[in-house]
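Coordinates in review
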Amino acid sequence: MHPDLKKLRFSVKPFPVEGTRPVELARTMAVHPLTYQELPYEPEYSLYAGRLTPEKMTNATPDEMYWAARQGIILRHTGEHPFEIAGPDALPLLQKIFPRDVSKVKIGRCSYQFACYHDGGMITDGLLLRVAEDRYWFAQADGDLFSWYMAHSAGLNVTIHDPEVWVSQIQGPHSMKLLAHLLDGPMPEPWRYFDWAEVSMAGQRVIISRTGFTNELGWEIYFRPENDIEMLGDLILEEGTKMGMLLTATPGFRGRRIEAGLLSAGQDFTRYTTPFAVGLGRFVDFESGDFVGRSALLDADRACRTWGMRVECGIALRGRTLSQNGAIIGRVTSSTWSPYQACGIGIVHLDGDTQRPGDIVEVECTDGTHHRAELCSLPMYDPRGEIVRGIDTKIPEGPEPWPGIPQ
């Protein structure tokens, strides 16, 4: 490690000792143990699930971060917050919390899950790992589920706590080459998309999962308190840097996750949207039991109102900036520029269900003017998820521009 980084490591502590700074900040603005790796690049942070996550860094432009994810390899220290649900009644509790059948998740597998309120509105989502027969981790996105677990655990033999696990993700077409290099032994077998495994890295047992938030080939590492996190983090950064790996912030995945249709909690879905309205109805299993929100979702409108959008020569402003024939028709929930498609991209939530992919709309953009745009299906490409599964191994050499809207 560079000697300057060794000095910087002592300026950030994930769990400060009482008296070094306000304890309330320490509890509500926790810092990833590897944050010192980001500090040389003038990072700006946002609060996510009670943890700070990097929004900006000066080591690369958003376009460079995007291309690193698509053509090479990136490292990002995330704000995802795992909580542990354990005990004989862990499964009954989770069956009550999540609309998707948790009983089907086997040890060694992960599952995408989300939780709803009683009225069917969404709380947050995340990744569920079954780490033992009666022990689960749920690495949640932004939002509060701890209180929700506690509120619904009365009378159940279950323990809910924060295991102080931190997540970093390594993504991109060369990510598995780095993983194979880092492991003390062979790659996990099997090693399918949404598998997790405990492996040996630098003599330490660590948990990794074949998941991420880019829809590129990749893996995530779950640092536990018993791990030497700084040693492992420095090893990943140093060996990855030799392969051209780029340390990234939010711009490194925003464009790719929008293209892939990966929804951001609190933005693309909220307490006012049902899973059906945002295109997640396929994950609702009414046969799994009496989960929270089941009655409301049984009566809910099943129409999808969330689509992708491509914008001609502009980046859409978020908010109620979407119109058709002079009338506002919905909200832009996520937006950025796609270096690969060479156009603005976004995720939109419509007021009604009459518009469909292929419809032409107008949207107010960051340049202060309105641009034409086209609604599209999500994901915008790779609909079968062949990139993330390692089936499609073709690395894009550069942009493949969207042809635009015919005049």
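Residues numbered from 1 in each chain as written. Predicted model: local features only at pLDDT ≥ 70, side-chain atom pairs only at ≥ 80, totals over all residues. Heavy atoms only, no water.

1. Some details on the overall build of the protein
A tally of regular secondary structure across the protein gives nine helices and 19 strands. In summary, the protein has a C-alpha radius of gyration of 21 Å against a globular reference of 22 Å for 407 residues, a match within 12%. Its C-alpha atoms give the protein principal-axis dimensions of roughly 60 × 50 × 45 Å. Taking contacts inside the protein between residues at least 6 apart in sequence as the whole, the part at least 24 apart equals 65%. Element-wise, carbon and sulfur atoms account for 52% of the exposed surface of the protein, whose accessible area totals about 17600 Å². Each charge class in the protein can be summarised by its mean position, and for the 40 positive and 53 negative side chains these summaries are 2 Å apart. (Helix = DSSP H or I, 4+ residues; strand = E, 2+ residues; numbered from the N terminus. Rg over C-alpha atoms; globule rule 2.2 N^0.38 Å. Contact = heavy atoms within 4.5 Å. Areas by Shrake-Rupley, 256 points an atom, 1.4 Å probe, with all protein chains shown as cover. Lys, Arg positive; Asp, Glu negative; His and termini not counted. Charge placed at Lys NZ, Arg CZ, Asp CG, Glu CD.)

2. Concerning the environment of M231
Along the chain, M231 falls in helix α7 (residues 229-242). Taking the C-alpha atoms as reference points, M231 and A202, 29 residues apart in sequence, are found 8.7 Å from one another. With sequence-adjacent residues up to four places away left out, M231 is seen in contact with A202 and Q204.

3. Comments concerning the pairing of strand β5 (residues 110-116)
A regular strand places its side chains so that they alternate between the two faces of the sheet. Along β5, seven of the seven residues are buried, which leaves the element largely enclosed by surrounding structure. Residues C110, Y112, F114 and C116 line one face of β5 and the alternating positions S111, Q113 and A115 line the opposite face, and both faces are buried. Summarising the sheet, β5 and strand β6 (residues 122-132) pair through seven bridges and their orientation is antiparallel. Directly across from S111, in β6, lies its bridge partner L128. Linkage of β5 to β6, two consecutive antiparallel strands, is achieved through a turn of five residues, within which G120 is found at a positive phi near 90 degrees. (Buried < 20%, exposed > 50% of the residue type's maximum accessible area, 1.4 Å probe, protein only. Pairing = 2+ DSSP bridges.)

4. Comments concerning empty space enclosed by the protein
In the structure shown here, the tally under the stated rule is one cavity of 30 Å³ or more. Its volume calculated, the largest cavity comes out at about 40 Å³. In this structure, the largest cavity is lined by Q171, Y193, R210, T211, G212, F213, T214, N215, E216, G218 and V388. (1 Å grid on protein atoms, 1.4 Å probe; cavity = no way out; pocket = protein on both sides within 12 Å on 5 of 7 lines; lining within 4 Å. Points joined across faces, edges and corners; volume = space filled by probe spheres on them.)

5. A word on the environment of L91
Its place among the elements puts L91 in helix α4 (residues 90-97). For the pair L91 and V284, spaced 193 residues apart in sequence, the C-alpha to C-alpha distance is 17 Å.

6. Some details on the sheet that holds strand β11 (residues 204-209)
Pairing in this open sheet of six strands is mixed, and the strands run β10-β11-β12-β9-β3-β13 from one edge to the other. Across the chains shown, the open sheet's two edge strands, defined by having one partner strand only, are β10 (196-201) and β13 (246-247). Where strand β3 (residues 74-77) lies against β13, two bridges are found, and the strand directions are parallel. Paired with L75 across the bridge in β13 is L247.

7. Describing unusual backbone geometry
Across the junction of E189 and P190, the peptide omega takes the value 0 degrees, indicating a cis bond. Among the secondary structure elements, P190 is positioned in the loop between α6 (175-182) and β10. Cis rather than trans, the peptide bond between L378 and P379 has omega equal to 0 degrees. Of note, the phi angle at E164 is positive, near 60 degrees, even though the residue is not glycine. Structurally, E164 can be placed in the loop between β8 (159-161) and β9 (166-171). A relative accessible area of 37% means that E164 is categorised as partly exposed.

8. Brief notes about the pattern of salt bridges
Under the defined criterion, the tally for this structure stands at 14 salt bridges. Between R130 and E133 there is a salt bridge; the shortest N-O distance is 3.4 Å. According to the relative accessible area criterion, R130 is buried, its value standing at 8%. One salt bridge connects R305 with D301, and the closest N-O pair in it is separated by 3.4 Å. What you see here is one network of salt bridges that share partners, running through R70, E216 and R256. (Salt bridge = Lys/Arg side-chain N within 4 Å of Asp/Glu carboxyl O.)

9. Quick word on α6
Within α6, the full set of buried residues consists of S175, M176, L178, L179 and L182. Projected onto a plane normal to the axis of α6, the buried residues spread over an arc of 155 degrees and lie on a single side. Residues of α6 that are buried make contact with β9, β10, β11, β12 (218-223) and α7. (Arc of directions from axis to C-beta.)

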